[in-house]
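Residue strings, one per chain:
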Amino acid sequence: MSPPKFPFARPSGYEPPLEYAQLRATNPVSQVELFDGSIAWLVVKHKDILQVLTDDRLSKQRNRPGFPELSAGGKEAAKGKPTFVDMDPPEHMQQRGMIESLFTKEAISNLRPHIQKTVDDLLDTMVKEGGSTPVDIVEKFALPVPSYIIYGILGVPFEDLPFLTQQAAIRSNGSGTALEASKASATLLSYIDNLVDQRLAEPKNDLISLLVIEQLSKGHLQKSDVTQIAFLMLVAGNATMVSMIALGIVTALQHPSQLKLLIDNPSKWSVPFVEELCRYHTASALATKRVAKEDVVYGGKTIKAGEGIICATMSGNRDEEVWDRAEEFDISREGGRGGAEALGYGWGEHRCVAEGLARAELEVVFATLWQKVPNLKLAMPFDEVKYSPPHKDVGIGELSVLF
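Here's a quick rundown of the structure.

Parameters and conventions
Sequence order as written defines the numbering, with residues in each chain counted from 1. Only residues with pLDDT of 70 or above have their local features reported here, since the model is predicted, and side-chain atom pairs are shown and tallied only from 80 upward, although totals for entire chains, interfaces and linings are computed over all residues. The basis for the side-chain values is all heavy atoms of the structure; hydrogens and waters are excluded. Numbering of helices and strands starts at the N terminus; helices are DSSP runs of H or I of at least 4 residues and strands are runs of E of at least 2. Multiplying 1.5 Å by the residue count of a helix minus one yields the expected span of that helix. Buried, partly exposed and exposed residues are distinguished by accessible area as a fraction of the type maximum, computed with a 1.4 Å probe on protein chains only: under 20%, between the cut-offs, and over 50%, respectively. Contacts: residue pairs with any heavy atoms within 4.5 Å of one another. Stacked, tilted and edge-to-face are the three classes assigned to paired rings of Phe, Tyr and Trp, where Trp is represented by its six-membered ring and a pair needs centres within 6.5 Å; plane angles under 30 degrees give stacked, over 60 edge-to-face, the rest tilted. Put simply, buried Ala, Val, Leu, Ile, Met, Phe, Trp, Tyr and Cys residues joined by side-chain atoms within 4.5 Å make one nonpolar core. Whenever a nitrogen or oxygen atom comes within 3.5 Å of another N or O atom, the pair is scored as a polar contact, on the condition that within protein one atom can donate a hydrogen and the other can accept it, and that pairs from neighbouring residues in sequence are kept only if both atoms are in side chains. Here a strand pair is declared whenever DSSP counts at least two bridges between the two strands. In the sections that follow, a salt bridge refers to a side-chain nitrogen of Lys or Arg positioned within 4 Å of a carboxyl oxygen of Asp or Glu.

**Focus: helix H14 (residues 266-280)**
So, point 1. Taking 1.5 Å per residue, 15 residues should reach 21 Å; H14 reaches 20 Å between its end C-alpha atoms and fits that length.
So, point 2. Within H14, burial applies to Pro266, Trp269, Ser270, Phe273, Val274, Glu276, Leu277, Cys278, Arg279 and Tyr280.
So, point 3. Buried-residue contacts for H14 involve helix H12 (238-254), helix H13 (256-264) and helix H16 (355-372).

Listed below in structure tokens is the structure:
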């Protein structure tokens, strides 16, 4: 029997594919067939995923033969010059270390007032424009919040936001062909390249200037490296953040007793709300992939050198061995067994560098949203919410609300 095709499809809405629960119970390390007919290994249990993502016998380099790509667009993107997210040690930490100072606890703490003001201003504008007729809260709020924050960190001029957002969407939403995705990537790279030139001539207080002054001018990086790192920061987490805000709104409204806790005491409940949100919904569930550099054994199966491995973090986040009532959304849960953490931001040395920023944004969003818009509700029944295509990462591209 030939292996099943992957990615699997969600049965409806944001529910994880049914195959995950089945495989966790019966075949936690199994083979799947990818879009181009190639075969890769799929790992679905939390404990195995942790192992894979900390195994230095496996490689993150997308240009290695056998690395599993899930689409024509992904295969095309893998041909580009890599950034630290697609590097192995020691290059990975050398390059990642160049930007980590911008995402320390202290740096994020200093940024919180700016995040709060961004959220407040966007919500005040939305409320002022009125919500007696349906309003797309993705367009008015979920999309601008993370975009404005990361563009500010990079030093991107505010007026270029609509153009960049459109290009990033073509590149990453999966609806474009490989050629269209490649063209959008080239356009974004060209834009960032021009910005690097501007900062070379006149540095400012932003990430690109930091890379130019500390790395490029000292000969540690080439100009193309600076462009690629800035490009990564621009596109990496944006679509995921937009989806998590929209998914959080829907999920909160589906659980009114938990929403009441959040509304009554946002300072107490916004952090656990976001923690559970990032377990319950894995909006970037198809990015944790590796290729074996040597033969390895997982779950009693031998994975040969040159064979690809995909970690199903969405499945790991619903693993019944780690979380009681794993299929339920519960902001009062104490975490996983033995202190286990959810995998929404990956794991190991490649864990998302901007996780602290993402959490801070989500915490501010959900601590503030219902304080500013107490009567917020969907403009349609829950079963009419439009989700991303079932084979893609779970997300919501538009969400009509009333208030």
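**As for the packing of aromatic side chains**
Each aromatic ring pair is described using two quantities: the centre-to-centre distance and the angle formed by the ring planes.
So, point 1. If you walk through the whole model with that rule in mind, you get eight aromatic pairs.
So, point 2. Seen in terms of ring centroids, Tyr14 and Tyr387 are 6.0 Å apart; in terms of plane orientation they differ by 85°. Their pairing is edge-to-face. Remark: Tyr387 occurs in the loop between strand S9 (377-378) and strand S10 (400-402) and Tyr14 occurs in the segment before helix H1 (18-26); sequence separation between them is 373 residues.
So, point 3. You can call Tyr14 buried: its relative accessible area is 8%.
So, point 4. Measuring from centroid to centroid gives 5.7 Å for Phe273 and Phe329, while their planes differ by 75°, and the two rings are edge-to-face. Of this pair, Phe273 sits in helix H14 while Phe329 sits in the loop between helix H15 (313-316) and H16, and the two are 56 residues apart along the sequence.
So, point 5. You can call Phe273 buried: its relative accessible area is 1%.
So, point 6. Taken together, Tyr14, Phe273, Tyr280, Phe329, Phe366 and Tyr387 form an aromatic cluster joined through their ring pairs.

**Some words on the nonpolar core**
So, point 1. One finds Phe141 and Leu399 to be the most contacted residues of the largest nonpolar core, which totals 104 residues.
So, point 2. Among the elements that take part in this core, H12 stands out by supplying ten residues, more than any other.
So, point 3. If we skip the residues at most four places from it in the chain, Phe141 touches Val119, Leu122, Leu123, Met126, Ile245, Val365 and Leu369.
So, point 4. Core analysis: the next-biggest nonpolar cluster, separate from the first, contains 14 residues, Val29, Trp41, Val43 and Leu58 among them.

**Quick notes on the side chain of Asp206**
So, point 1. By the secondary structure assignment, Asp206 is in the loop between helix H9 (178-201) and helix H10 (207-216).
So, point 2. A residue is classified by how much of its surface remains accessible, and Asp206, at 9% relative accessible area, is buried.
So, point 3. For Asp206, the side chain forms a polar contact with the side chain of Arg199, separated by 2.9 Å.
So, point 4. Leave out the neighbours within four places in its chain, and Asp206 touches Ile153, Leu154, Gly155 and Arg199.

**Focus on the pairing of strand S2 (residues 39-43)**
So, point 1. Among the five residues that make up S2, four are buried, leaving the element largely enclosed by the rest of the structure.
So, point 2. Pairing between strand S1 (residues 29-33) and S2: five bridges, direction antiparallel. Of the residues in S2, the one forming a bridge with Gln31 is Trp41.
So, point 3. Taken together, S1 and the strand that follows it, S2, pair antiparallel across an intervening segment of five residues, in which Gly37 is found at a positive phi of about 90°.
So, point 4. Two strands pair when backbone bridges link them, and S2 and strand S8 (residues 308-311) are joined in this way by four bridges, in the parallel orientation. If you follow Ala40 over to S8, its bridge partner there is Gly308.

**Notes on the pattern of salt bridges**
So, point 1. This structure, assessed with the given rule, holds 32 salt bridges.
So, point 2. Two residues, Lys386 and Glu398, come together in a salt bridge whose shortest N-O distance is 3.8 Å. Residue Lys386 is located in the loop between S9 and S10, and its partner Glu398 is located in the loop between S9 and S10; the two are separated by twelve residues in the primary sequence.
So, point 3. Judged by relative accessible area, which is 55%, Lys386 ranks as exposed.
So, point 4. By relative accessible area, Glu398 is classed as partly exposed at 42%.

**As for the sheet that holds strand S4 (residues 135-136)**
So, point 1. Strand order across the open sheet formed by three strands is S4-S10-S9, with antiparallel pairing between neighbours. A single partner strand is all that each edge strand has here, and the edge strands are S4 and S9.
So, point 2. Bridging between S9 and S10 involves two bridges; their strand directions are antiparallel. Along S10, the bridge assignment pairs Lys377 with Leu402.

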